[in-house]
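Structural characterization, general
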Amino acid sequence: MSYRMHVVPVVSRIGRRLIVGGTAASLALLSPLPTAAHGHEERPRGEDRLVVTVRGAGGGADGTYEVSCRPSGGSHPDPGGACAAVERNTRWGKDAFAPVPRDAMCTMRYGGPATARVTGTWAGRPVDATFDRRDGCAIARWDRFVPLLPDASAAAPPAS
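Residues numbered from 1 in each chain as written. Predicted model: local features only at pLDDT ≥ 70, side-chain atom pairs only at ≥ 80, totals over all residues. Heavy atoms only, no water.

**Observations regarding helix 3 (residues 136-144)**
All of the buried residues in helix 3 are Gly136, Cys137, Ala138, Ile139, Arg141 and Trp142. Elements in contact with the buried residues of helix 3: strand 3 (115-122) and strand 4 (125-132). A side-chain oxygen of the first residue of helix 3 lies 3.1 Å from the backbone nitrogen of cysteine 137; this N-cap is aspartate 135. (Buried < 20%, exposed > 50% of the residue type's maximum accessible area, 1.4 Å probe, protein only. Helix = DSSP H or I, 4+ residues; strand = E, 2+ residues; numbered from the N terminus. Contact = heavy atoms within 4.5 Å. Polar contact = N/O pair within 3.5 Å; in protein donor to acceptor, adjacent residues only side chain to side chain.)

If you want it as structure tokens, here you go:
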């Protein structure tokens, strides 16, 4: 009597998909992580260029300045510091220059008449952002970008 051996697959179709998917995920974990996974995007050199126009800041800070990053340069008084300020505010998937959300709860503290407009390109994306110091949220947003924007806290009226 002869017996034929019949091999029954141990892994079902669903199981094979899980194994293949798990293998792909494991390989992805072994590959080097891009710097974007750490909060910063890897950008080509010389791509980031901004024009900053400041009004009402006083102390000789008013005017229009250009700044380029990687390498830093331009007519801005502190191009290296300006680039560092924007880099500090850059997060993967977020607009570094996003305005204060409309539903934000802000203190009614007035920070002075200073305004600024920033245009250009950052992280390969167009930038057209306005800044002012009309309330606590706007002041905090402005201050996060110092020295790209001038330190207007010295020119602000004292808190009452």
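**Side note on the pattern of salt bridges**
Inspection of every chain in the model, using the stated rule, returns five salt bridges. A salt bridge links arginine 117 to aspartate 128; the nearest nitrogen and oxygen atoms lie 2.8 Å apart. Here the residue arginine 117 occupies a position in strand 3, and aspartate 128 occupies one in strand 4, the gap between them amounting to 11 residues. Note on aspartate 128: relative accessible area 53%, which makes it exposed. With a shortest N-O distance of 3.0 Å, arginine 133 and aspartate 143 are connected by a salt bridge. Here arginine 133, found in the loop between strand 4 and helix 3, pairs with aspartate 143, found in helix 3; they are 10 residues apart in sequence, far enough to count as distant. Residue class for arginine 133 comes out buried when judged on its relative accessible area of 1%. Assessed through its relative accessible area of 33%, aspartate 143 is described here as partly exposed. Several salt bridges converge on common partners, so that one network encompasses Asp48, Arg70 and Glu87. (Salt bridge = Lys/Arg side-chain N within 4 Å of Asp/Glu carboxyl O.)

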